[in-house]
Amino acid sequence: MANRNYYNQTLHDNVINSASRFINTKDYDIYVNPSSQKNAGIGELYPDIILTDKGNKTVKFIIEVETTDSINLFEATNQWKEYANRIQASFYILIPLDHKIKTEQLCKQVGISVRFGTYEVDILGNVSNIIFE
């Protein structure tokens with residue numbers, strides 16, 4: 001888990017909340033782990049957002065939210081790779097739009113296959129334009 005300053009931790013948690021409201025709740029149950037909370041896990045792993053088929057515990061998707069300060073080789077090697085290799089579900093990394101190329105390069109460098117989602121933040125800190133590939 002990234003060691004974020006107050007602003008980036010607040011942004012991280014706002015993105016989790018915004019993304020979870022954006023997701024189809026008709027087909028999926030959504031579990032969130034903002035900050036360092038461990039509300040729902042997969043074994044000993046606690047991705048930021050976990051989606052299961054509605055009414056059962058079969059994990060379909062996991063989403064890890066990153067901020068500009070947590071898109072780095074340490075996170076890619078120590079967290080993303082573990083999620084990609086240990087959790088049998090589609091793995092998304094949700095990142096600021098302007099950091100997509102850097103994130104793709106890091107994933108390629110550490111040898112993991114992931115899907116990407118992007119978001120934007122306005123000058124007031126409002127999260128918008130969440131798009132999943």
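If you're wondering where the values come from, they're calculated on a predicted model, not measured in any experiment. (Residues numbered from 1 in each chain as written. Predicted model: local features only at pLDDT ≥ 70, side-chain atom pairs only at ≥ 80, totals over all residues. Heavy atoms only, no water.)

1. Describing the overall build of the protein chain
Within the protein chain, the secondary structure is distributed over three helices and six strands. For 133 residues, the compact-globule estimate of 2.2 N^0.38 gives 14 Å, and the protein chain sits close to it at 14 Å. With respect to the principal axes defined by its C-alpha atoms, the protein chain has extents near 40 × 35 × 25 Å. Split into buried and exposed, the 133 residues of the protein chain put 44% on the buried side. In the protein chain, 54% of the contacts between residues at least 6 apart in sequence involve partners at least 24 apart. (Helix = DSSP H or I, 4+ residues; strand = E, 2+ residues; numbered from the N terminus. Rg over C-alpha atoms; globule rule 2.2 N^0.38 Å. Buried < 20%, exposed > 50% of the residue type's maximum accessible area, 1.4 Å probe, protein only. Contact = heavy atoms within 4.5 Å.)

2. Details of the packing of helix H2 (residues 73-86) against helix H3 (residues 100-110)
One way to put it is that H2 packs onto H3 with a least axis distance of 10 Å and a crossing angle of 65 degrees. Both H2 and H3 take part in a crossing whose hand is right-handed. On H3, the residues touching Leu-73, Ala-76, Thr-77, Trp-80 and Lys-81 of H2 are Thr-103, Leu-106, Cys-107, Gln-109 and Val-110. (Axes fitted to C-alpha atoms, helices over the stretch in contact; angles between N-to-C directions. Left-handed = near helix turned anticlockwise from the far one by under 90°.)

3. Notes on H2
With 14 residues, H2 ought to run about 20 Å at 1.5 Å a step, and its terminal C-alpha atoms sit 19 Å apart, in line with that. Bending of H2 peaks at approximately 35 degrees at the position of Trp-80. Every buried residue of H2 is listed here: Glu-75, Ala-76, Gln-79, Trp-80 and Tyr-83. Elements in contact with the buried residues of H2: strand E3 (59-65), strand E4 (90-96) and H3. (Expected span 1.5 Å × (residues − 1). Bend = angle between axes of the 7 residues up to and from the residue.)

4. Details of the packing of aromatic side chains
All chains considered together, the criterion is met by five aromatic pairs. Between the aromatic rings of Phe-22 and Phe-132, the centroid separation amounts to 6.2 Å while the plane-to-plane angle is 35 degrees, which identifies the pairing as tilted. Note that Phe-22 is positioned in helix H1 (residues 6-22) and Phe-132 in strand E6 (residues 127-132), a separation of 110 residues in sequence. Each ring, one from Tyr-92 and one from Phe-132, has its centre 5.3 Å from the other, and the planes form 85 degrees; the classification is edge-to-face. Placement of Tyr-92 in strand E4 and of Phe-132 in strand E6 is noted, with a sequence separation of 40 residues between them. The exposure class of Tyr-92 is buried, given its relative accessible area of 7%. Classification of Phe-132 as partly exposed rests on a relative accessible area of 23%. (Phe/Tyr/Trp six-rings, centres within 6.5 Å; stacked < 30°, edge-to-face > 60°.)

5. Details of the nonpolar core
Ranked by internal contacts, the top residues of the largest apolar core, which has 19 residues, are Ile-62, Trp-80, Phe-91, Ile-93, Cys-107 and Val-114. Non-local contacts of Phe-91, meaning those with residues more than four positions away in its chain, are made with Ile-62, Glu-64, Trp-80, Tyr-83, Ala-84, Val-114 and Arg-115. Among the nonpolar cores identified, the runner-up in size contains 15 residues, and Ile-16, Leu-51, Tyr-119 and Val-127 belong to it. (Core = buried A, V, L, I, M, F, W, Y, C linked by side-chain atoms within 4.5 Å.)

6. So, the pattern of salt bridges
For the coordinates displayed, the defined rule picks out seven salt bridges. The closest approach of N and O atoms between Asp-29 and Lys-54, which form a salt bridge, is 3.2 Å. With Asp-29 in strand E1 (residues 28-32) and Lys-54 in the loop between strand E2 (49-53) and E3, this residue pair connects regions lying 25 residues apart in the sequence. Between Lys-100 and Glu-104 there is a salt bridge, with the nearest N and O atoms lying 3.8 Å from each other. Here Lys-100 and its partner Glu-104 are both found in helix H3, four residues apart, which amounts to about one turn of the helix. The exposure class of Glu-104 is partly exposed, given its relative accessible area of 33%. It is possible to trace a salt-bridge network through shared partners that takes in Glu-44, Glu-82 and Arg-86. (Salt bridge = Lys/Arg side-chain N within 4 Å of Asp/Glu carboxyl O.)

Interpretation note: all reported values are geometric properties and have no functional meaning in isolation.
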